[in-house]
Amino acid sequence: MPYAGTFRVCQPGGLSYRDALAEAVALPALLATMLRSLIEAWPEQVYRQPLVTTRFLGQRTTFVCDPAHIRSLMVDQAASLARETFMMRALVPALGSGILTADGPHWRAQRRTAAPMFRPDRVQGFVPAMARAAQATRRRWEAGSPAGTVRDISAEMMRTTFDVIIATMISGDDQLAVEPFGRAVETYLGQTSWKVALSMLDAPDWVPHPGARAGARAATYLRGEVSRTIARRRARGEPGDDLLGLLLQARDPETDQPLGDTSLVDNLLTFVAAGHETTALVLAWTLRILAEHPEIERRVIEEASGLGVDPAADPAAVERLTYTRQVLLEVMRLYPPAPLIVRRAAADLRFGDITVPAGESVHVPVYALHRHRLLWDTPDVFDPDRFAPERAAGRDRYAYLPFGAGPRICIGMGLALTECLVILATLLPAFRFVPVRAEMPAAQFRVTLRPKGGIKMKVVPRHVR
Ligand code: HEM
């Protein structure tokens, strides 16, 4: 439920002393709400209106919730946007200045250089590694009780997608200690909500918070491990055809320059951080939602079984999972893994006759956009047929943004969708998923959109009655 009173809707104008005092008194409650889930702090108007301006601790934020304004913001006025300070504070210590966190010419050069690695033909080359990771999960689950084993599906999917990212990024390097590396990624990401909240409260960087020291240690460890992995690969003499190999060989098409060592570390860590949790969340929410919709689940299983071929042997076959793809798109409408896109106006922005002055924050509340009362029929209902070609054709492209839009659209979109298809097609025909709790878990903003308390389900092999 939207929480009345955190982001207060306001008219343009200054902040009175009385308002500032009232906000200061309410600070502990604000912090608690933001840490519980930032989405609860949004005003209810973001689900009903095209543009909503709020004031929060004296700072104005404009929420852009209308497809035409979003297009204007993310495409036409993209050159007037900068990364938002609070996201930078959360991510830069580990990710440095890679594609996700850089701005300006440094971002453009890295994006140009890395773009060819994510072309559809390259992604198809990664399908066998994806299939192997999915099969490893399948074997692990088959080794459980034949009557079913209760598992936290979101943790399980994190493990599977982590295996995929390691296999696609640094295949054949058995010196990277995968488990401690995975734990360090979790430790780092786990404390980023504090950094976001404190930064939004304008607290200086040195203010301590739970997990800060462990987060800093994790960042140092992760960067060191990735540097050493790169050094080992260079010493091997041949780059290889995984993501690291492709990054080592990549050249900026305009300057013919390769990426420097710091950029290599920044971007490999960026791909791990941006790519594995987001994808795991789509899969976990999908398995949970399908448990509520047996008819839809049956269609997905039929489609996977109808392929008649293992994706590892025929990567192009994955393209035929068209209904499963619709299901994934609809899951990402209701549970977008990246529920908020934030920018700072580097120059004045115009939305019709409204101006957002340079320096202010602009938010695209993707979670609210996907449930917006003016844009979607029965917005809270799960209906994968919304993404059938004939129904999707009439929809504004900027009403649906799980991967963002404009020049900074997700570079890994094709890779993520293919990975979800391969993993679902491997696991769903083999297991039934029985939720331990009847109600859907609450969605919590943790930079990504996580299920509160995980998703516990009994995983039952299908061949057992
Ligand atoms: C379902 C999975 C995924 C979702 C929902 C997702 C979502 C997003 C979104 C919304 C953005 C735009 C953020 C913004 O505009 O501020 C983004 C950017 C990005 N994503 Fe993804 N992502 C996913 C998977 C991946 C994967 C698998 C990779 C790489 C292996 C990846 C790498 C990146 C990078 C590098 C950027 C920054 C692009 C730029 O600023 O130029 N993502 N992602």
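Parameters at a glance
Residues numbered from 1 in each chain as written. Predicted model: local features only at pLDDT ≥ 70, side-chain atom pairs only at ≥ 80, totals over all residues. Heavy atoms only, no water. Donors = N, O, S within 2.8 Å, 3.2 Å for Na, K, Ca; no water. Helix = DSSP H or I, 4+ residues; strand = E, 2+ residues; numbered from the N terminus. Salt bridge = Lys/Arg side-chain N within 4 Å of Asp/Glu carboxyl O. Phe/Tyr/Trp six-rings, centres within 6.5 Å; stacked < 30°, edge-to-face > 60°. Buried < 20%, exposed > 50% of the residue type's maximum accessible area, 1.4 Å probe, protein only. Lys NZ or Arg CZ within 6 Å of the ring centre and 35° of its normal. Near = heavy atom within 4 Å. Polar contact = N/O pair within 3.5 Å; in protein donor to acceptor, adjacent residues only side chain to side chain. Nonpolar A, V, L, I, M, F, W, Y, C, P; charged D, E, K, R; others polar. Domains from an automatic or database assignment. Contact = heavy atoms within 4.5 Å. Buried area = accessible area lost by both parts, 1.4 Å probe. Axes fitted to C-alpha atoms, helices over the stretch in contact; angles between N-to-C directions. Parallel < 35°, antiparallel > 145°, perpendicular 65-115°, else oblique. Left-handed = near helix turned anticlockwise from the far one by under 90°. Pairing = 2+ DSSP bridges. UniProt positions renumbered as here; feature names shortened; annotations may be inferred. pLDDT = per-residue confidence, 0-100.

## Let's talk about the coordination of the iron atom of the ligand
So, point 1. Of all protein atoms, just one serves as a donor to the iron atom of the ligand, and that atom is Cys410 (SG), at 2.3 Å.
So, point 2. Following the sequence through the fold, Cys410 ends up in the loop between α16 (389-392) and α17 (413-427).

## Details of the pattern of salt bridges
So, point 1. The full count for this structure, using the stated rule, is 28 salt bridges.
So, point 2. The shortest N-O distance in the salt bridge between Arg344 and Glu84 comes to 2.9 Å. With Arg344 in strand β6 (residues 341-345) and Glu84 in the loop between β4 (81-82) and α4 (85-95), this pair connects stretches of sequence that are 260 residues apart.
So, point 3. Its salt-bridge partner being Arg140, residue Glu156 comes within 2.8 Å of it at the nearest N-O pair.

## Considering the packing of aromatic side chains
So, point 1. All told, the structure shown has eight aromatic pairs when counted by the stated rule.
So, point 2. Judged by centre distance (5.8 Å) and plane angle (75 degrees), the rings of Trp141 and Phe433 are edge-to-face. You can see Trp141 sitting in helix α6 (residues 120-142) and its partner Phe433 sitting in strand β10 (residues 431-435), a full 292 residues away along the chain. The exposure classification of Trp141 matches that of Phe433, with both residues buried.
So, point 3. A network of ring pairs unites the aromatic residues Trp141, Phe431 and Phe433 as a single cluster.
So, point 4. Between Arg299 and the ring centre of Tyr323, over which it is positioned, the NZ or CZ distance is 3.7 Å.
So, point 5. For the cation-ring pair, Arg333 lies above Trp376, with the distance from its terminal atom to the ring centre recorded as 5.1 Å.

## Some remarks on the site of the ligand
So, point 1. Residues in close proximity to the ligand total 27 residues, the closest being Trp107, Arg111, Arg343, Arg408 and Cys410.
So, point 2. The separation between an oxygen atom of the ligand and a polar main-chain atom of Ile99 is 3.3 Å.
So, point 3. With respect to the ligand, the side chain of Arg408 contributes an N or O atom lying 2.8 Å from an oxygen atom.
So, point 4. If you list the elements that add at least two residues to the shell around the ligand, you get α5 (104-114), α12 (261-290), β6 and α17.
So, point 5. Taken together, the residues that form the shell around the ligand break down as 17 nonpolar, six polar and four charged.

## Looking at the domain arrangement of the chain
So, point 1. Along its sequence, the chain is organised into domain 1 (1-76 + 339-401) and domain 2 (84-334 + 403-461).
So, point 2. Contacts between domain 1 and domain 2 engage 41 residues on the former and 38 residues on the latter.
So, point 3. The junction of domain 1 with domain 2 conceals about 3300 Å² of combined surface from both sides, 65% of it contributed by carbon and sulfur atoms.
So, point 4. Taken together, the links from domain 1 to domain 2 amount to two salt bridges.
So, point 5. Applying the counting criterion to the domain 1 and domain 2 interface returns 14 residue pairs in polar contact (both at pLDDT 80 or more).
So, point 6. For the side of domain 1 that touches domain 2, the secondary structure elements donating two or more residues are α2 (27-36), α3 (67-76), β6 and β9 (361-364).

## With respect to the packing of α12 against α17
So, point 1. In the contact formed by α12 and α17, the axes pass within 10 Å of each other and the chain directions differ by 40 degrees. On the basis of their axis angle, the class for α12 and α17 is oblique. As α12 packs across α17, the resulting crossing turns out to be right-handed. Of the residues in α17, those in contact with Thr279, Val282, Leu283, Thr286 and Leu287 of α12 are Ala416, Glu419, Cys420, Ile423 and Leu424.
So, point 2. Of the residues assigned to the contact of α12 with α17, the class counts are seven nonpolar, two polar and one charged.

## Some thoughts on the packing of helix α8 (residues 178-190) against helix α10 (residues 212-236)
Relative placement of two packed helices is described by the angle separating their axes and the distance separating the axes.
So, point 1. Taken N-terminus to C-terminus, the directions of α8 and α10 make an angle of 140 degrees; their axes are 8 Å apart at the nearest point. Looking at the two axes, α8 sits oblique to α10. Here α8 and α10 pass one another in a crossing that is left-handed. Together, Pro180, Phe181, Ala184, Val185, Thr187 and Tyr188 of α8 and Ala214, Gly215, Ala218, Ala219, Tyr221, Leu222, Glu225 and Val226 of α10 make up the contact between the two elements.

## Section: the sheet that holds β10
The pairing of strands in a sheet happens through backbone hydrogen bonds and is either parallel or antiparallel.
So, point 1. The strand order β5-β13-β10 describes an open sheet built from three strands, whose pairing is antiparallel. What marks the edges here is a single partner per strand, and that holds for β5 (149-152) and β10. On average, each strand axis in the sheet is tilted by 35 degrees relative to the strand beside it, whichever way the strands run.
So, point 2. Two elements, β5 and strand β13 (residues 456-461), share four bridges in a ladder whose sense is antiparallel. Paired with Arg151 across the strands is Met457, a residue of β13.
So, point 3. Across the face of the sheet, α6 comes into contact with β5, β10 and β13 while running at roughly 70 degrees to β10.
So, point 4. Across the sheet, helix α7 (residues 153-169) lies against β5, β10 and β13, angled at about 70 degrees from β5, the strand it touches most.

## Here's the deal with the UniProt feature "transmembrane region" (unreviewed entry) in the chain
So, point 1. Under the local residue numbering, the UniProt record ascribes the feature "transmembrane region" (unreviewed entry) to residues 411-431.
So, point 2. Here residues 411-431 runs as 71% helix and 5% strand, with 32 Å between its end C-alpha atoms.

## Let's talk about the confidence of the model for the chain
So, point 1. For the chain, per-residue confidence averages 90 on the pLDDT scale, and residues scoring 70 or more make up 92% of the total.
So, point 2. Scored below 50 in pLDDT, residues 1-5 makes 12 contacts in the model with residues more than four places away or belonging to other chains.
So, point 3. Confidence drops under pLDDT 50 across residues 12-16; counting only partners more than four residues distant or on other chains, this segment forms six contacts.

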